[in-house]
Amino acid sequence: MSDPTPSPDFVISQALEEQIARAAELIERARSVVALTGAGLSVESGIPPFRGPGGLWTKYGEPPLDGYQRFLRDPKRAWQDRLSPREPWAQALAETLGSAKPNAGHRALAELEAIGRCDAVITQNIDDLHRQAGSRALIEIHGNHKLLRCLGCVARFSEGELGIDPERLPPRCPRCGGVVKGDTVHFGEPIPADVLRRCHQVVEQADCMLVVGTSATVYPAAEFPLEVLRRGGSLIEVNPEPSELSDLAQPSLRGPGGVVLARLVEIVSQARAGSLR
Ligand code: APR
């Protein structure tokens, strides 16, 4: 299956192959591996990142940091914006989200979970691609663009379940009558407590974190790798460019997520198959 925006011209050098082999050993030896992913992992699926070259914020400027407060002040208007985005960045994002498909990187992490070498994926991405790739132990820390969430009882729904009526906005929760918003976490919005609790549960257990495609600049997600390091765990990074974590990661694998993760998981699977024989 070919990826929408593959990195066909990226060739894994001998030096990178050796680093990937070392990363594979770390994963095989670890007691608990947790992956943390960001927008970079979905670049090969045709979704732009936020920062750096070609980033949405680079192109359109960062949105106001009080998005959540604006929602609370006027949820009807916020819903009208959701149903027909006016902001150029929101239009650009909605376009790519609609047609994007998982790439080799998403599939590799689902496989790593399936062979018992990844206990959870914490993603900052709202694009639903890990879910579509088959990841089950998935925590979407910034929400999922396909889901809705009640601000009262935190119940989540698909749009189809609620049947959105543009004449009656904002939609109300059928369980508690609370206001319903998109599940995506806005700037200024606290991460839902149930999601944060699950993140801490898996991070506390992890002695190896695989960080893919994030600038590691947004908290609380950017704190998790530091927590694993502080407890003496190991940190593996996959990113074509240096990030806030690159000096701390051992190794920091310089290449596109889809290509590098596919090779990494291939090695781990082979080793695992060999050890089971
Ligand atoms: N494979 C792996 N990484 C890549 C690739 C690729 N093919 N292409 C780019 N990258 C890297 C970039 O080098 C950069 O370090 O992905 C990273 C993307 O960083 P950001 O755009 O800052 O995305 P992210 O870290 O996920 O942002 C965190 O910020 O704006 C908020 O809510 C938004 O979840 C998002 C959060």
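Attention here is on the structure that accompanies the text. Since the structure is predicted, the reported quantities are computational estimates derived from the model, not experimental observations. (Residues numbered from 1 in each chain as written. Predicted model: local features only at pLDDT ≥ 70, side-chain atom pairs only at ≥ 80, totals over all residues. Heavy atoms only, no water.)

## Topic: the pattern of salt bridges
Now for step 1: Tallying each qualifying case throughout the model produces 18 salt bridges.
Now for step 2: For R31, the salt bridge identified is with D207, shortest N-O distance 3.8 Å. Linking R31 in the loop between helix 1 (14-29) and strand 1 (33-37) with D207 in the loop between helix 9 (193-205) and strand 7 (208-212), this pair joins segments that are 176 residues apart in sequence.
Now for step 3: For R31, a relative accessible area of 57% corresponds to the exposed category.
Now for step 4: Each of the salt bridges in this network shares a partner with another, and the network as a whole consists of R149, R156, K181, D183, E189 and D194. (Salt bridge = Lys/Arg side-chain N within 4 Å of Asp/Glu carboxyl O. Helix = DSSP H or I, 4+ residues; strand = E, 2+ residues; numbered from the N terminus. Buried < 20%, exposed > 50% of the residue type's maximum accessible area, 1.4 Å probe, protein only.)

## Considerations on the packing of aromatic side chains
Now for step 1: Counting across every chain of the model gives 3 aromatic pairs.
Now for step 2: Seen in terms of ring centroids, W57 and W89 are 5.2 Å apart; in terms of plane orientation they differ by 80 degrees. Their pairing is edge-to-face. Remark: W89 occurs in helix 5 (residues 88-99) and W57 occurs in helix 2 (residues 56-60); sequence separation between them is 32 residues.
Now for step 3: Plain terms: the ring middles of W57 and F187 are 6.1 Å apart, the flat faces sit at 50 degrees to each other, and that makes the pair tilted. In this pair, W57 is assigned in helix 2 and F187 in the loop between strand 6 (180-182) and helix 9, connecting sequence segments 130 residues apart.
Now for step 4: For the cation-ring pair, K181 lies above F71, with the distance from its terminal atom to the ring centre recorded as 6.0 Å. (Phe/Tyr/Trp six-rings, centres within 6.5 Å; stacked < 30°, edge-to-face > 60°. Lys NZ or Arg CZ within 6 Å of the ring centre and 35° of its normal.)

## Remarks on the site of the ligand
Now for step 1: Taken together, the neighbourhood of the ligand is formed by 21 residues, with F50, R51, T214, S215 and N239 sitting nearest.
Now for step 2: In this structure, a nitrogen atom belonging to the ligand sits 3.3 Å away from a main-chain N or O atom of G40.
Now for step 3: Contacts to the ligand include F50, whose backbone N or O atom sits 2.7 Å from an oxygen atom.
Now for step 4: In isolation the ligand offers 740 Å² of accessible surface; the protein chains occlude 90% of this area.
Now for step 5: Of the residues in the shell around the ligand, the class split is 9 nonpolar, 9 polar and 3 charged. (Near = heavy atom within 4 Å. Polar contact = N/O pair within 3.5 Å; in protein donor to acceptor, adjacent residues only side chain to side chain. Areas by Shrake-Rupley, 256 points an atom, 1.4 Å probe, with all protein chains shown as cover. Nonpolar A, V, L, I, M, F, W, Y, C, P; charged D, E, K, R; others polar.)

## As for the environment of L109
Now for step 1: Looking at where L109 falls in the secondary structure, it is placed in helix 6 (residues 104-114).
Now for step 2: A residue is classified by how much of its surface remains accessible, and L109, at 0% relative accessible area, is buried.
Now for step 3: A C-alpha to C-alpha distance of 9.9 Å links L109 and L264, two positions 155 residues apart in sequence.
Now for step 4: Apart from the residues within four sequence positions on either side, L109 is in contact with A35, T37, L41, V121, H130, S135, L210 and L261. (Contact = heavy atoms within 4.5 Å.)

## Section: empty space enclosed by the protein
Now for step 1: Per the counting criterion, the structure on display carries 1 cavity of 30 Å³ or more.
Now for step 2: Taken as a whole, the largest cavity encloses approximately 30 Å³ of empty space.
Now for step 3: Taken together, T123, N125, D127, D128, L129, H130, R131, L138 and E140 make up the lining of the largest cavity.
Now for step 4: For the lining of the largest cavity, the elements supplying multiple residues, two or more each, are helix 7 (129-133) and strand 3 (138-140).
Now for step 5: Broken down by element, the lining of the largest cavity gets its largest block of residues, 3 residues, from helix 7. (1 Å grid on protein atoms, 1.4 Å probe; cavity = no way out; pocket = protein on both sides within 12 Å on 5 of 7 lines; lining within 4 Å. Points joined across faces, edges and corners; volume = space filled by probe spheres on them.)

## Focus: the environment of A155
Now for step 1: Along the chain, A155 turns up in the loop between strand 4 (147-150) and strand 5 (156-158).
Now for step 2: Separated by 97 residues in sequence, A155 and T58 place their C-alpha atoms 34 Å apart.
Now for step 3: Those residues within four positions of A155 in sequence are excluded, and the remaining contacts are L148, R149, C150 and R175.

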